[in-house]
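Chain by chain, the residues run as shown.
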Amino acid sequence: MNYRERIFQQEGASFPGKTYVEAVLEPAFNEAKQHLLHPMMAINKAHLIMLREQELLTDDEAKRIAGALCGIEMEELRQSHYTGQFEDLFFQVESRLLELAPDVAGNLHLARSRNDMGITIYRMVLREKLLVTLASALYLKEHLLLFANEHVDTIMIGYTHTQQAQPTTMAHYIMAATDMLSRDIKRLIQAYHTVNRSPMGAAALTTSGFAISRERMRELLGFDELVENSYDAVCGADYLGEVATAVQLAAINLGRTVQDMLLWCTQEFAGLKVASPYVQISSIMPQKRNPVSFEHMRSLLSSAAGNATTVLSMMHNTPFGDIVDTEDDMQPYAWRSMGVLEQMYRLMASVVGTMEVNKDVLLERAKGSFATVTELADTLVRTDQLSFRKSHHIVSRVVKEAMSEQLAANQISLELVNRAAVEVIGRELSLTAEELRLALDPVHFVMIRKLPGGPNPEEMKRMIAVRQTVLQQETEWLAQKKQAIANVMKGLDQMTAEWSVG
């Protein structure tokens, strides 16, 4: 027996080969049962309604097909196993329809193809998963805004290049994270607009000679627009690439905030304390409260970004045509990526919403930090009409001298400042002790930074109010989209059921 015969003996001599089933067909069938069956049946119902309205089916044919569609046992299909009798779930459903409505059910495939059906199904699944992800993103945004509002007066040090930079507030930091999340939400909403366009009517590639209505199919399935060019409708994959890109960036963005908060939970930093439901103990060290919820978020968000990257990599260098590279194999990676991101949004909301902030430690650290000396330099410009660069040189000398004497920032004396001034400009300053005290006070630092976007508490409250208004608008948009889709799906079911008994 030669090697070719041995392969046929192991794999079988007819479709489908054993390894092909194991590696491709069975996993795809199982994914389809879970994710694609409902939209597939919705397309069948919508296509039936459109064909009858266009008088491409008679009343009797439409009723018989409607009866067959209503006779499909959905749960039976979901529990079925891949046997190789049918290539995929589509042909299994079609076979069952032909059993229930012999011959006439074959007309349901008039003027359509698995090509336009498949892409339409994928878009329907994606839009649903995008709405779920967006709901959780808005949930997180709501809790971040609540947390920020609670901490408009919580003074802390802001960092640049991982080094203490300037005093700010917890609200200021959280609002920055919220605004980053808001941009992620905008990208996900834009991805939804790109996804929610109907390819139906493109058929295999070039539309059809039958007088179907692409616009009516768009309407029946709840899409906002058509993918007008029929070639683009079945060949374009950038709708999925846009979703993957938005999800990838969202996961990376959230991961950066998680990384900061994990650091702030350390005993050395002692800024945050994660609530008991989200920590785990050590099996050997009794003192440990491990903030593992943040650790899991960090790693799982990386997995979400990785799955999104896989989608883009699978698209790379594929032909611009209907091809499985951009269809069956690629879709699950996008679903998994969105699924993880959606869960992490909810987990982050729960952890942030329940954690404690050690305000006293953060304030005391800010008081002793040299992060305040930017304001001292600014103050010298005001009190002594110095150029900022001259002022900067004086304060730089002050910091070096204070550090050499092991002084904290709030221990800097007027004498030390004047000594540095004499070395730089040859004279003492008109700066008073009270002006020096204020310049080195982190609370004062924050209070006078009231320019748009600054950490001043009143400015923070203004920003929070604006973003709460936007959140309300986004929440209303989401509710409208979910309701619109629910309404069209209900309408399809009702009309098909009425026809089946008419």
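For clarity, every value in this text was computed on a predicted model and none was experimentally measured.

(A) Helix α12 (residues 292-315), seen in detail. With 24 residues, α12 should cover 34 Å at 1.5 Å per step; its first-to-last C-alpha distance of 35 Å lies within 8% of that length. If you check which residues of α12 are buried, you get Val292, Ser293, Phe294, Met297, Leu301, Ala304, Ala305, Asn307, Ala308 and Val311. Those residues of α12 that are buried lie in contact with α11 (238-264) and α13 (331-354). Immediately downstream of α12, the backbone of asparagine 317 shows phi near 65 degrees, a positive value.

(B) Fine view of the side chain of serine 369. Counting through the fold element by element, serine 369 comes out in the loop between α14 (359-368) and α15 (373-384). At a separation of 2.9 Å, a polar atom in the side chain of serine 369 contacts the main-chain amide nitrogen of alanine 371. Residues contacting serine 369, with those up to four places away along its chain left out, are Ile157, Gln164 and Ala409.

(C) Inspection of the domain arrangement of the protein at higher detail. Splitting the protein by domain gives domain 1 (3-109), domain 2 (115-357 + 459-500) and domain 3 (370-448). The straight-line distance from the C-alpha centre of domain 1 to that of domain 2 is 31 Å. With 28 residues of domain 1 at the interface, the matching set in domain 2 holds 27 residues. Of the roughly 2,400 Å² buried where domain 1 meets domain 2, counting both sides, 79% is carbon and sulfur surface. Sorting the residues of domain 1 by area buried against domain 2 places Ile43, Ile49 and Met50 first, and these three jointly supply 23% of that buried surface. Here domain 1 and domain 2 share three salt bridges between them. Close ionic contact of arginine 216 with glutamate 53 constitutes a salt bridge, the shortest N to O distance being 2.7 Å. Those elements giving two or more residues to the side of domain 1 that touches domain 2 turn out to be α2 (18-35), α3 (37-53) and α4 (59-71). Broken down by element, the residue count for the side of domain 1 that touches domain 2 peaks at 15 residues, all from α3. Residue composition of the side of domain 1 that touches domain 2, grouped by class: 16 nonpolar, seven polar and five charged.

(D) Layout of the pattern of salt bridges. Inspection of the entire model under this criterion finds 28 salt bridges. For aspartate 59, the salt bridge is made with arginine 52, and the minimal N-O distance between the two is 2.5 Å. Judged by its relative accessible area of 43%, aspartate 59 is partly exposed. Glutamate 342 is the salt-bridge partner of arginine 346, the closest N and O atoms lying 2.5 Å from each other.

(E) Region of the structure containing the packing of helix α7 (residues 114-150) against helix α20 (residues 457-500). Between α7 and α20, the shortest axis-to-axis distance is 10 Å and the interhelical angle comes to 155 degrees. Comparing their axes, α20 and α7 come out roughly antiparallel. Seen from above, α7 lies across α20 with left-handed handedness.

(F) Focus on unusual backbone geometry. Cis geometry is found at the peptide bond from phenylalanine 15 to proline 16, where omega equals 0 degrees. The topology assignment puts proline 16 in the loop between α1 (3-11) and α2. The phi dihedral of glutamate 55 is positive, around 60 degrees, even though this residue is not glycine. The residue glutamate 55 is located in the loop between α3 and α4 in this model. Look at glutamate 55 and you get exposed, because its relative accessible area is 67%. Of note in this structure, asparagine 317 is not a glycine but carries a positive phi near 65 degrees.

(G) Up close: the pairing of strand β2 (residues 163-169). Relative to β2, strand β1 (residues 155-160) is paired through six bridges, and the arrangement is antiparallel. Each residue of the ladder has a partner; that of glycine 158, found in β2, is glutamine 166. Following β1, the chain reverses through two residues before pairing antiparallel with β2; histidine 161 in that reversal takes a positive phi of roughly 55 degrees.

(H) Representation of the nonpolar core in the model. With 121 residues, the main nonpolar core has Leu126, Met170, Leu221, Met261, Phe294, Tyr345 and Met348 as its most contacted residues. Of the residues forming this core, the biggest block, 17 residues, is contributed by α7. Split by domain, this core shows at least three residues from each of two domains, domain 1 (3-109) and domain 2 (115-357 + 459-500). Ignoring sequence-local partners within four residues, the contact set of methionine 348 consists of Leu140, Leu254, Thr257, Val258, Met261, Phe294 and Met297. Leu386, Ala402, Leu416 and Ala421 belong to the second-largest nonpolar core, a separate cluster that totals 20 residues.

Cut-offs applied
- Residues numbered from 1 in each chain as written.
- Predicted model: local features only at pLDDT ≥ 70, side-chain atom pairs only at ≥ 80, totals over all residues.
- Heavy atoms only, no water.
- Helix = DSSP H or I, 4+ residues; strand = E, 2+ residues; numbered from the N terminus.
- Expected span 1.5 Å × (residues − 1).
- Buried < 20%, exposed > 50% of the residue type's maximum accessible area, 1.4 Å probe, protein only.
- Contact = heavy atoms within 4.5 Å.
- Polar contact = N/O pair within 3.5 Å; in protein donor to acceptor, adjacent residues only side chain to side chain.
- Domains from an automatic or database assignment.
- Buried area = accessible area lost by both parts, 1.4 Å probe.
- Salt bridge = Lys/Arg side-chain N within 4 Å of Asp/Glu carboxyl O.
- Nonpolar A, V, L, I, M, F, W, Y, C, P; charged D, E, K, R; others polar.
- Axes fitted to C-alpha atoms, helices over the stretch in contact; angles between N-to-C directions.
- Parallel < 35°, antiparallel > 145°, perpendicular 65-115°, else oblique.
- Left-handed = near helix turned anticlockwise from the far one by under 90°.
- Pairing = 2+ DSSP bridges.
- Core = buried A, V, L, I, M, F, W, Y, C linked by side-chain atoms within 4.5 Å.

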